[in-house]
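Coordinates in review
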Amino acid sequence: MSDVAVEIRDLVKTFGGGRTLFGRAASTVQAVKGVSLELNRGETLGIVGESGSGKSTLARMLVGLEQPTSGTMVIDGKPWAELAATGSRAFGRNIQYVFQDPVASLNPRKTIGDILDVPLRLLCGYDSAKREARKRELVAAVHMPTNTLERYPHEFSGGQAQRIAIARALAAEARILVLDEPVSALDVSVQAQVLLLLQQLRDDLGLSYLFISHDLAVVESISDRVAVMYLGDVVESGPAAQLFASPQHEYTRALIASAPRLTASESAT
Ligand code: ADP
Ligand code: MG
């Protein structure tokens, strides 16, 4: 087994184009402009960059929600194109996406038990006894009580709902998680708890994370390596401590300079 969980080569995504209703060329947005990245096994790779820099588009391509315009991806040893040809189930067993808004990502009309049942049935094909046992394991893994399974999403706080969304992402035993602003909607005190849980799960289960955030302090706290995105390009990447201590690219420097919590902690040392 290779040490690389995800390999991204020259990935491009252009939106728009074609013709407008009146036959004019429609304007295009190049959201991702030739990104190459590697996520190593067991590692957290942070992707940081301001809103609109292409982070979510990159994430959505990885998990098969968006078709790349060009470039290649290899996920857990399998070429992306092969997963895409097999269908969404193939993606689901290898790579999972956790969204920013935990409550909105859970179906409000279903109990947590029913929500967790979906991947266990559709992706794993487990019988009902196995599914029930696995659901209990999953809620326990994210430090929630067993009666969570009978309750509905609106009964939980944002932090609890994000724990449940993480449990759902773990259901089909995918070893790679794409976490797109997973704590951005949460209060700072709750953010720390969810980040701690994510680190614990990563170490216990041997997961690899692509961790996206516009928040430098959050990315610095959880990432082994960091890639900085700016207008669809990766302008700089490196070990987290090194990148934050001596940023090379002027955009990274500007980003750090505009982050209040980071500058405060740096000036204190
Ligand atoms: P980020 O997650 O870093 O905020 P996004 O990947 O969401 O950035 O967006 C990158 C760029 O691509 C933005 O200019 C955005 O408006 C554009 N974009 C994203 N999704 C679409 C889409 N479905 N159609 C057209 N443009 C899009
Ligand atoms: Mg985004």
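How each quantity is defined
- Residues numbered from 1 in each chain as written.
- Chains lettered and ligands numbered in written order.
- Predicted model: local features only at pLDDT ≥ 70, side-chain atom pairs only at ≥ 80, totals over all residues.
- Heavy atoms only, no water.
- Helix = DSSP H or I, 4+ residues; strand = E, 2+ residues; numbered from the N terminus.
- Rg over C-alpha atoms; globule rule 2.2 N^0.38 Å.
- Buried < 20%, exposed > 50% of the residue type's maximum accessible area, 1.4 Å probe, protein only.
- Contact = heavy atoms within 4.5 Å.
- Areas by Shrake-Rupley, 256 points an atom, 1.4 Å probe, with all protein chains shown as cover.
- Near = heavy atom within 4 Å.
- Polar contact = N/O pair within 3.5 Å; in protein donor to acceptor, adjacent residues only side chain to side chain.
- Nonpolar A, V, L, I, M, F, W, Y, C, P; charged D, E, K, R; others polar.
- Arc of directions from axis to C-beta.
- Pairing = 2+ DSSP bridges.
- Axes fitted to C-alpha atoms, helices over the stretch in contact; angles between N-to-C directions.
- Salt bridge = Lys/Arg side-chain N within 4 Å of Asp/Glu carboxyl O.

Scanning the chain for helices and strands turns up 11 helices and 10 strands. The C-alpha atoms of the chain give 19 Å as radius of gyration, which agrees with the globular expectation for 269 residues (18 Å, within 12%). If you line up the chain on its principal axes, its C-alpha atoms span 55 × 55 × 45 Å. Across the 269 residues in the chain, those meeting the buried criterion constitute 47%. In the chain, the share of contacts with a sequence separation of at least 24, taken over all contacts with a separation of at least 6, comes to 66%. Surface accessibility of the chain: about 12,700 Å² in total, with carbon and sulfur atoms responsible for 51%.

Quick look at the site of ligand 1 now. All residues adjacent to ligand 1 are Phe 15, Val 29, Ala 31, Glu 50, Ser 51, Gly 52, Ser 53, Gly 54, Lys 55, Ser 56 and Thr 57. Backbone polar atom of Gly 52 to an oxygen atom of ligand 1: 2.6 Å apart, as the coordinates give it. Ser 53 places a polar main-chain atom, nitrogen or oxygen, 3.1 Å from an oxygen atom of ligand 1. When the free accessible area of ligand 1 is taken as 560 Å², the share hidden by the protein chains comes to 58%. Counting residues per element, the ones that place at least two in the shell around ligand 1 are β2 (28-40) and α1 (55-62). No other element matches the 3 residues that α1 contributes to the shell around ligand 1. Looking at the shell around ligand 1 residue by residue, the classes come out as 3 nonpolar, 6 polar and 2 charged.

Among all positions of helix α10 (residues 250-257), only Tyr 251, Thr 252, Leu 255 and Ile 256 are buried. Each buried residue of α10 sits inside an arc of 135° when the element is viewed along its axis, so together they form one side. Projecting away from the buried face of α10 at angles above 90 degrees are the exposed residues Glu 250 and Ala 257.

Attention now moves to the sheet that holds strand β4 (residues 70-75). Taking strand neighbours across the sheet as the criterion, the 4 strands line up as β2-β1-β4-β5 in an open arrangement whose pairing is antiparallel. Edge positions in the sheet fall to β2 and β5 (78-79), since each has one partner strand and no second. Across 5 bridges, strand β1 (residues 4-16) lies against β4 in antiparallel orientation. Counted as the bridge partner of Val 6 is Ile 75 from β4. Sheet strands in contact with α1 are β1, β2 and β4, and its direction is about 115° off that of β1.

We now examine the pattern of salt bridges. Two side chains of opposite charge can pair, provided their charged atoms sit close to one another. Using the criterion set out here, one finds 14 salt bridges in the structure. The residue Glu 132 makes a salt bridge to Lys 135 at a minimum N-O spacing of 3.0 Å. Taken together, the residues Glu 132 and Lys 135, both in helix α5 (residues 128-141) and 3 residues apart, mark about one turn of the helix. We classify Glu 132 as partly exposed; its relative accessible area is 35%. With relative accessibility at 4%, the residue Lys 135 sits in the buried group.

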